[in-house]
Amino acid sequence: MHGDLRESWWIREVEVPTRVVLAPMAGVSVQAFRRQGRRFGAGLVCSEMVSCAGIEHRNERTLGYLRVGGDEHPLAIQIFGSDPGAMAEAARMVAAAGADVVDMNFGCPVRKVTKTGAGAYLLDDPALACRITEAVASAVPVPVTVKMRRGVEGGSRACLELGPRLVEAGAAALTLHPRSATQMYTGYADHSLTAELVSLVDVPVIASGDVTSHAKAQSVLAATGAAAVMVGRGAQGNPWALREIVFGEGAQPSREEVAAELIHFVRETVRELGERRASGFLKKFYGWYLGYGRFPRPFKQELVQLSSTDEVVTRLLAAAPGAAELVEQIPLAADEILLVGLPISIYGGG
Ligand SMILES: Cc1cc2nc3c(=O)[nH]c(=O)nc-3n(C[C@H](O)[C@H](O)[C@H](O)COP(=O)(O)O)c2cc1C
């Protein structure tokens, strides 16, 4: 069994250097988050779900999700939609933007997405799911993967029937988050289904759900035979968890390290989204970073109320002066490769 999380594995011709994948999370997986994930040991990082309709209509904000940095590879960009032709076109664009893997979302439980026939809706329409997979897999030279839930309703085992059909249609790997769509995030991820899926397909399976420690990651890999684990909520504001999961090193970060990492994240996010969008986007991250007993509770409240990210940085440096030197030691982001054929002006805040 694949016990060593530091081992590399492959999605077709794409080598993934560790068995830990950073989860796609809408409203979280910005480029700064993905780059940080790579620095802390994630072998593969993933964009949040990007609407294929948004790509088709060249929606400015959607295209902003397609920024790809030289230090992000290997990178999966996740797309969602319900029309095979539009999904294939979106896949061509994300592959041209530099994605090493095109991932498709067949698991999003949010009504806004499922009512359009996308996300978890596709778990109930295997024929359409397969047509989309075929269209996308034949449109791009890079591997195409699918991320799904166990099924729509509680107790559903739809993923076990659908998984092998998706592989036949061209999926080069499958990620399973074994909760149902109606479950959202309640209950627990039942990885006995992941083990069953692994036994049914001959492509790598990534196990997603409730992996927050090295011990849990090892036990999920051992119990399921999955090629890798995916980490989502456990990495929010806590890149150190990724390091612990990959390398088994449990050292908690010092206050200075936390402040330095947060300052770097704030600066990178402002560069990416611009000050106005970044200052709202970042507020949830303050709680995530400063939690775990790292800083007193009122401090978080104080940061959330500050009106500019410059003030946030100043306040963090006052609370942890040693952070200034540590920030300087964080490697700067590599140059971005911008989307071919699109005006650079679409990248507000770039
Ligand atoms: C805030 C948030 C946003 C998410 N957005 C996406 C998404 O865009 N695409 C996707 O496939 N899964 C998404 N997920 C699901 C995660 O990728 C993952 O499968 C799930 O959180 C279970 O893993 P965890 O227990 O490690 O968090 C999201 C989860 C959260 C918490």
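About the thresholds
- Residues numbered from 1 in each chain as written.
- Predicted model: local features only at pLDDT ≥ 70, side-chain atom pairs only at ≥ 80, totals over all residues.
- Helix = DSSP H or I, 4+ residues; strand = E, 2+ residues; numbered from the N terminus.
- Buried ≥ 20, exposed ≤ 12 C-beta atoms within 10 Å, placed from the backbone.
- pLDDT = per-residue confidence, 0-100.
- Contact = placed C-beta atoms within 7 Å.
- Arc of directions from axis to C-beta.
- Domains from an automatic or database assignment.

**Details of unusual backbone geometry**
Part 1 of the reasoning: In this structure, Pro74 follows His73 across a cis peptide bond, with omega equal to -5°.
Part 2 of the reasoning: Position of Pro74 among the secondary structure elements: in the loop between β5 (68–69) and β6 (75–80).
Part 3 of the reasoning: Phi is positive for Arg12, which is not a glycine, with a value near 50°.
Part 4 of the reasoning: Looking at the secondary structure, you find Arg12 in the loop between β1 (9–11) and β2 (14–16).
Part 5 of the reasoning: In this model, Arg58 sits at a positive phi of 55°, which is unusual for a non-glycine residue.
Part 6 of the reasoning: Relative to the helices and strands, Arg58 resides in the loop between α2 (52–56) and α3 (60–64).
Part 7 of the reasoning: The class for Arg58 is exposed, based on 12 C-beta atoms found within 10 Å.

**Notes on the confidence of the model for the protein**
Part 1 of the reasoning: Residues with a pLDDT of 70 or more make up 94% of the protein, whose mean pLDDT is 93.
Part 2 of the reasoning: Every residue in residues 337–350 is under pLDDT 50, and counting partners more than four places away or in other chains gives 21 contacts.

**Some words on helix α8 (residues 191–200)**
Part 1 of the reasoning: The complete set of buried residues in α8 reads His191, Leu193, Thr194, Leu197 and Val198. Axial view of α8: buried residues confined to an arc of 145°, hence all on one face. Turned more than 90 degrees from where α8 packs its buried face, Ser192 and Ser199 sit exposed.
Part 2 of the reasoning: Looking at the buried residues of α8, the elements they touch are β8 (144–151), α7 (158–168), β9 (173–180), β10 (205–208) and α9 (214–224).

**Examining the domain arrangement of the protein**
Part 1 of the reasoning: Splitting the protein by domain gives domain 1 (9–247) and domain 2 (255–340).
Part 2 of the reasoning: Of note, the centres of domain 1 and domain 2, computed from C-alpha atoms alone, are 27 Å apart.
Part 3 of the reasoning: Elements with a minimum of two residues in the side of domain 1 that touches domain 2: α1 (31–39), β5 and α4 (84–97).
Part 4 of the reasoning: It is α1 that contributes the most residues to the side of domain 1 that touches domain 2, 4 residues altogether.

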